[in-house]
Amino acid sequence: MGTKLETVKRQGVDIVFALDVSKSMLAEDIAPNRLEKAKQIISKIVDKLGSDRIGIIIYAGNAYPLLPITTDHGAAKMFLQSANPDMVSSQGTAINEAIKLASSYYNNDEQTNRFLFIISDGEDHQDDTSSAIAQATKDGIKTYTIGVGDSSKGSPIPLKDRYGVIQGYKKDSQGEVVLTQMNESTLEEIAEKGNGKYILGNRTKETVDYVEDLLIKAEKSEFETKQFSDYKDQFQWFIGLGLLFFIIDALMLEKKTKWIQKLNLFNKE
């Protein structure tokens with residue numbers, strides 16, 4: 001019963017992951033495929049975080065918020081697993097829209113380090129990202145890109161049924177099998193303009209270790225102060241009362257015994 005106020009202070013950085021869920025991310029030139037590799041990287045980075053806030057965006061031909069910025073890392077991993085190409089209505093790689101949407105995730109009134117990690121194969125990039133990157137950099141956002149896939153040769157995009165069995169491969173309007181190839185130059189250009197760095201993400205551990213070291217070295221600032229009510233513990237009063245009864249019982253034991261004997265309840269002669 002009763003309440004008490006406690007103050008919780010958190011220090012960290014704001015991190016937004018922009019995950020490419022275009023069809024080309026289903027290519028299996030890296031096991032199990034580009035999309036699952038990207039999810040694995042994000043999930044393992046989240047496991048390394050402390051009190052940092054994270055948000056997730058998915059994009060293909062358009063960009064959509066998957067998870068608003070939050071300190072709930074468990075929810076982030078849960079939402080991440082549901083990300084797939086069917087969640088985006090149009091195909092393509094609108095990195096430009098992803099950057100603009102990511103910029104809206106950060107609270108301009110709070111002075112925290114802001115990181116944007118774009119995880120993509122960089123393919124089918126259509127929009128000019130210069131203006132979006134320039135504005136993001138102006139807002140204090142550092143943009144890093146993580147590339148997944150094989151840039152040395154093309155890979156087909158498998159079409160699977162609901163059981164995961166390959167039914168064929170994606171074809172173009174001429175009936176030719178489409179080959180997708182990771183475009184590192186696009187990702188390198190975005191990272192350079194975004195005051196960040198391009199990271200080849202095909203080796204999960206090396207990628208996660210690099211990002212972890214980057215975030216550890218980043219200057220942390222206080223971004224959240226909460227006051228909340230909680231119940232005050234009152235068990236000590238009941239324990240004290242119980243002990244008091246034990247003491248009284250011990251002191252009165254001899255008198256109580258004599259009183260009971262006088263009643264002669266068992267008719268002893």
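Not measured: the values here are computed from a predicted model. (Residues numbered from 1 in each chain as written. Predicted model: local features only at pLDDT ≥ 70, side-chain atom pairs only at ≥ 80, totals over all residues. Heavy atoms only, no water.)

Participant: Explain the packing of helix α3 (residues 95-103) against helix α4 (residues 130-138) to me, using residue names and the numbers behind them.
Facilitator: Running from N to C, α3 and α4 cross one another at 20°; their axes reach a closest spacing of 9 Å. Relative to α4, α3 is oriented roughly parallel. Two packed elements cross with a definite hand, and for α3 against α4 that hand is left-handed. Residues N96, I99, K100 and S103 of α3 lie in contact with α4, whose contacting residues are A132, I133 and A136. (Axes fitted to C-alpha atoms, helices over the stretch in contact; angles between N-to-C directions. Helix = DSSP H or I, 4+ residues; strand = E, 2+ residues; numbered from the N terminus. Parallel < 35°, antiparallel > 145°, perpendicular 65-115°, else oblique. Left-handed = near helix turned anticlockwise from the far one by under 90°. Contact = heavy atoms within 4.5 Å.)

Participant: Hey, could you go over the side chain of D121 for me, with residue numbers and the actual values?
Facilitator: If you trace the backbone, D121 turns up in the loop between β5 (114-120) and α4. Here R34 takes part through its side chain, which lies 2.8 Å from a polar atom of the side chain of D121. (Polar contact = N/O pair within 3.5 Å; in protein donor to acceptor, adjacent residues only side chain to side chain.)

Participant: Describe the pattern of salt bridges, listing the residues and the values that go with them.
Facilitator: Under the counting rule described, the total for this entry stands at 11 salt bridges. Between D47 and K77 there is a salt bridge whose closest N-O contact spans 2.7 Å. With a gap of 30 residues between them, D47 in helix α1 (residues 34-48) and K77 in helix α2 (residues 73-81) connect regions that are remote in the sequence. The partly exposed category is assigned to D47, whose relative accessible area is 48%. (Salt bridge = Lys/Arg side-chain N within 4 Å of Asp/Glu carboxyl O. Buried < 20%, exposed > 50% of the residue type's maximum accessible area, 1.4 Å probe, protein only.)

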